[in-house]
Amino acid sequence: MIDMMAVNRLLVDAARETILPHFRRLKAGDIDTKAGPHDVVTVADKAAEAWLTPKLMALLPDSVVVGEEAASADETIMDALRRPGSAWLIDPVDGTANFAVGSPLFAVMVTLVRDGDAVASWIHDPVRHVTAMARQGQGAWMLEADGSERRFRLPKPPSLAHISGAPNIRYGDRDFAAGIAHRLDRTAGVMILRCAGQEYLAIAEGQIHYAVYNRALPWDHAAGCLLICEAGGVAKRLDGSAYRAADKPWGSPLVAACGDEQWNWLKTGLFST
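Throughout what follows, the structure given in this document is the object of discussion. (Residues numbered from 1 in each chain as written. Predicted model: local features only at pLDDT ≥ 70, side-chain atom pairs only at ≥ 80, totals over all residues. Heavy atoms only, no water.)

## Some details on helix 8 (residues 260-271)
If you check which residues of helix 8 are buried, you get Gln262, Trp263, Leu266, Gly269, Leu270 and Phe271. An end-on view of helix 8 places all buried positions within 155° of arc, on one side of the element. In this structure, the buried residues of helix 8 make contact with helix 5 (174-181), strand 12 (210-215), strand 13 (234-237) and strand 14 (250-257). (Buried < 20%, exposed > 50% of the residue type's maximum accessible area, 1.4 Å probe, protein only. Helix = DSSP H or I, 4+ residues; strand = E, 2+ residues; numbered from the N terminus. Arc of directions from axis to C-beta. Contact = heavy atoms within 4.5 Å.)

Shown next, in the form of structure tokens:
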């Protein structure tokens, strides 16, 4: 059994030592791109992943690490998620584009994956000094800045017209994206944060009720999907299949929602083709 608080302490220390010193202090040479002009990476991403990698492995003998930056350089690293055993998923700075322009909407995410499925997850907000944690079969909770804990209880809106959320349709099928765009007036509103970790936190805290993603990279979504499911919501593919950390990034869109009924309303009223 992994020590949830020990991992949280690592995230807090990594943020304090490798991320926050660069927040709103990045120089031009501290920012680079990876796959394209919108795929941003900073010195903080690289430093945080390098800092966390050996320390997480030390917590769990025989575990491996799949970090976003390492896997971006060598995609074969992701194969570890599809093999038996334990693997740590690291998103050292989720919402890097926000971080790079000085927005506080970023997060540090870590997921413990066992035999391809997420079994524990952490989403740390270094600016608010809070961490959302989830453990498979044991629920989800927020560790507050003062050290207190509270369990998540997701609100259940009474109709599609009362639901707001984050329809992330920038990537993928353009016809699917256009269909969603034309139906958004059926819902209460939209709040896209450009950071999956912050959007999952917003669902868990009842600020929004759903999020949809055409591209589901494991370090972006494994932690949040476990969090939402353990908080009483649902996170699965639009075709009804379960989301797994071992999945390929592309496939049926991933939809996280505050409940099964609300997920079905979204499927039929917003996402149907």
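## Focus on the pairing of strand 14
With six of eight residues buried, strand 14 lies mostly within the body of the structure. In the sheet, strand 13 pairs with strand 14 via four bridges, with the strands oriented antiparallel. Each bridged residue has a counterpart across the sheet, and for lysine 236 the counterpart in strand 14 is valine 255. (Pairing = 2+ DSSP bridges.)

## A few points about the packing of helix 6 (residues 196-204) against helix 7 (residues 218-230)
Where helix 6 contacts helix 7, the axes come no closer than 9 Å and their chain directions differ by 5°. It follows that helix 6 is roughly parallel to helix 7 by the angle criterion. On the side of helix 6, the interface is formed by Ala196, Tyr200, Ile203 and Ala204, while helix 7 contributes Asp220, His221, Gly224, Cys225, Leu227 and Ile228. (Axes fitted to C-alpha atoms, helices over the stretch in contact; angles between N-to-C directions. Parallel < 35°, antiparallel > 145°, perpendicular 65-115°, else oblique.)

## Some details on the layout of surface pockets
If a probe the size of a water molecule is rolled over the atoms, the empty space left behind becomes visible. Space inside the largest pocket adds up to approximately 1,200 Å³. Surrounding the largest pocket, 42 residues form its lining, Asp39, Tyr171, Arg215, Leu217 and Asp220 being those nearest its centre. Looking at the lining of the largest pocket, the elements with two or more residues in it are helix 3 (68-73), strand 4 (86-94), helix 4 (96-100), strand 10 (164-168), helix 6, strand 12 and helix 7. Of the residues contributing to the lining of the largest pocket, the split by class is 18 nonpolar, eight polar and 16 charged. Size it by volume and the second largest pocket reaches roughly 210 Å³. Lining the second largest pocket are 13 residues; nearest its centre among them are Cys225, Leu226, Cys229, Ala235 and Tyr243. Sorting the residues of the lining of the second largest pocket by element identifies strand 6 (117-125), helix 7 and strand 13 as the ones contributing at least two each. Broken down by class, the residue content of the lining of the second largest pocket amounts to nine nonpolar, one polar and three charged. (1 Å grid on protein atoms, 1.4 Å probe; cavity = no way out; pocket = protein on both sides within 12 Å on 5 of 7 lines; lining within 4 Å. Points joined across faces, edges and corners; volume = space filled by probe spheres on them. Nonpolar A, V, L, I, M, F, W, Y, C, P; charged D, E, K, R; others polar.)

## Here we look at the nonpolar core
In a soluble, globular protein the nonpolar side chains are often hidden away together inside. The biggest cluster of nonpolar side chains holds 34 residues, and the ones touching the most others in it are Ile123, Ala132, Phe152, Tyr200, Leu227 and Leu254. The element that contributes the greatest number of residues to this core is helix 6, accounting for six residues. Ranked by size, the runner-up nonpolar core spans 31 residues in total, among them Leu11, Leu60, Val119 and Ala120. (Core = buried A, V, L, I, M, F, W, Y, C linked by side-chain atoms within 4.5 Å.)

## Observations concerning the side chain of glutamate 49
Inspection of the secondary structure assignment puts glutamate 49 in helix 2 (residues 43-59). Here glutamate 49 sits buried without a salt bridge, and the closest side chain of opposite charge, lysine 34, lies 7.5 Å off (N-O distance). When sequence neighbours within four positions are dropped, the list of residues in contact with glutamate 49 reads Gly67, Glu68, Glu69, Ala70, Ile90 and Pro92. (Lys, Arg positive; Asp, Glu negative; His and termini not counted. Salt bridge = Lys/Arg side-chain N within 4 Å of Asp/Glu carboxyl O.)

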